[in-house]
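# Observations on the three-dimensional arrangement
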Amino acid sequence: MSQGFINLAPVAKVMSLKHTLIFSLLSLSHSYAQLEISMVGVLPGDVSETSGLIFFNNSLITHNDSGNSAQLFEIDTLTLTVKRTVTISNATNVDWEDIAQDENYIYIADIGNFTGNRTDLVIYRVAKIDYLSSDTVAAERINFSYEDQSDFTSTTESDWDAEALVSVGDHLLIFTKEWERQGTTAYYLPKLPGTNVAVRMAFFDSAGLITGAEFQPDPAWLLLIGYSRQLQPFLLQIRISATDFGLSSEFEKISLGTISAQTEGITHVHSNRYFISAEYFSNPSPAVVLESALYSFSLTTAPGDGDPPPIEEPPGEEEPPVGSERPDLRLFREFNSSELHYELNLPNEVFGRAIFDASGRLVRYTHATDLDTNTINIEGLGSAIYYLTFYLNGQTISRPFHAN
């Protein structure tokens, strides 16, 4: 086993070495980059509570989370409409939180556990051949429990909650969503139906809530999606051994620009392009409403290469997805910079520019005659979500951004 990696296979070897490999705190996080992420469009109401995402059969497949139907929804990548719905006949959506796949199966993770008292955690395994042939399919159950959970007392914001699942070789990896520690613990279990035990691997100090995962085999890396308490989304990149799929103790954290979103699912589409889904979010106080939406970004380098991953534009011969045209108002900021840059791409005459906080209170106002630059110094703003607003002739346009 390579130094710096935690081996996943063979299972017997891992279990025998479990106590000598220091499956404990791994906190070599480096927040070094910011990616520009573009909004593809608003998702249909049928999947407003989208909680997982894969790309299969030339379509995006997603599902809703707790208390919704036991159904998978195929989304057209150009129109963002639901073009097919597949019902899992023998499943219940207690709290579906992620979806993963391998060559033969789709895995649906009923692993949400906000109160920490669930004893019915399950991953549903659906054969792809069944999925492709019928709109109603049956699933096999992979029941499991965490090897190190002994207390099932109901609480709130439990560290036993989980929303991220990924398929790696012969195993499934689960990453917890730890509300108290604001980190994530990796567990693995076999893909076999029946009753299983999820074995603890490592804790990663993500400084945020992990909600989705995607495995990239070549080069071998793992991408985790998450967001902060202020709904600032980020990625974690974790290196994986190309020979034994061991997790590295080092990871890198990347801010996803200036968007505010409750990001939930992530999937690799082609080349270096990825899609991210975000759930509808509404909070009455302070007043914040964020639509359920689909975003995209591209990476061209693997974690650990030393340089921030540059943006790769989608190939020119492809038809651009809905919403990928130049946005009316685009915000961007270099990582840890106190300057917010914007591009306003509307012909209307501008009367003024304002910044509001999330409660609707006016923080700043600048008259059009004083707008001599497309850069705003936000150094004096506290860490929170704000809204940059432009008043134009016949139109008002506003976009959220995060100041830290």
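Residues numbered from 1 in each chain as written. Predicted model: local features only at pLDDT ≥ 70, side-chain atom pairs only at ≥ 80, totals over all residues. Heavy atoms only, no water.

### Describing the pattern of salt bridges
Per the counting criterion, the structure on display carries 10 salt bridges. In this structure, Arg200 and Asp148 form a salt bridge, with 3.6 Å as the shortest nitrogen-oxygen distance. In this pair, Arg200 sits in strand E17 (residues 194–204) while Asp148 sits in the loop between strand E13 (140–146) and strand E14 (162–168), placing the two residues 52 residues apart along the sequence. Residue classification places Asp148 among the partly exposed residues on the basis of a relative accessible area of 33%. For Arg181, the salt bridge is made with Glu178, and the minimal N-O distance between the two is 2.8 Å. Residue class for Glu178 comes out buried when judged on its relative accessible area of 3%. Because the salt bridges share partners, they merge into one network encompassing Glu74, Arg84 and Asp135. (Salt bridge = Lys/Arg side-chain N within 4 Å of Asp/Glu carboxyl O. Helix = DSSP H or I, 4+ residues; strand = E, 2+ residues; numbered from the N terminus. Buried < 20%, exposed > 50% of the residue type's maximum accessible area, 1.4 Å probe, protein only.)

### Notes on the sheet that holds strand E26 (residues 293–298)
Ordered in space as E4-E26-E23-E22, the four strands form an open sheet in which the pairing is antiparallel. Only two strands of the sheet have a single partner each, and these edge strands are strand E4 (38–42) and strand E22 (262–270). Sheet twist, expressed as the mean angle between neighbouring strand axes with direction ignored, is 25 degrees. By the bridge criterion, four bridges tie E4 to E26 in an arrangement that is antiparallel. The residue of E26 that forms the bridge with Val42 is Ala293. (Pairing = 2+ DSSP bridges. Axes fitted to C-alpha atoms, helices over the stretch in contact; angles between N-to-C directions.)

### A closer look at the confidence of the model for the protein chain
For any part of a model where pLDDT is low, the fine detail of the predicted coordinates should not be relied upon. Of all residues in the protein chain, 81% attain a pLDDT of 70 or more, and the chain-wide mean is 82. Here residues 9–32 is modelled with pLDDT under 50, and outside its nearest four sequence neighbours on either side it reaches 53 contacts, counting other chains as well. (pLDDT = per-residue confidence, 0-100. Contact = heavy atoms within 4.5 Å.)

### Considerations on the pairing of strand E19 (residues 220–227)
By the criterion of burial, E19 is predominantly enclosed, with eight of the eight residues buried. Burial along E19 is two-sided: the residues Ala220, Leu222, Leu224 and Gly226 and Trp221, Leu223, Ile225 and Tyr227 are all buried. As paired strands, strand E18 (residues 209–217) and E19 are joined by eight bridges and run antiparallel to one another. Paired with Gly212 across the strands is Ile225, a residue of E19. Between E18 and the antiparallel strand that follows it, E19, lie two residues. Pairing of E19 with strand E20 (residues 233–240) involves seven bridges; the strand directions are antiparallel. From the neighbouring strand, Tyr227 faces E20, where its bridge partner is Pro233. The turn linking E19 back onto E20 is made up of five residues, and Leu231 within it adopts a positive phi angle of 65 degrees.

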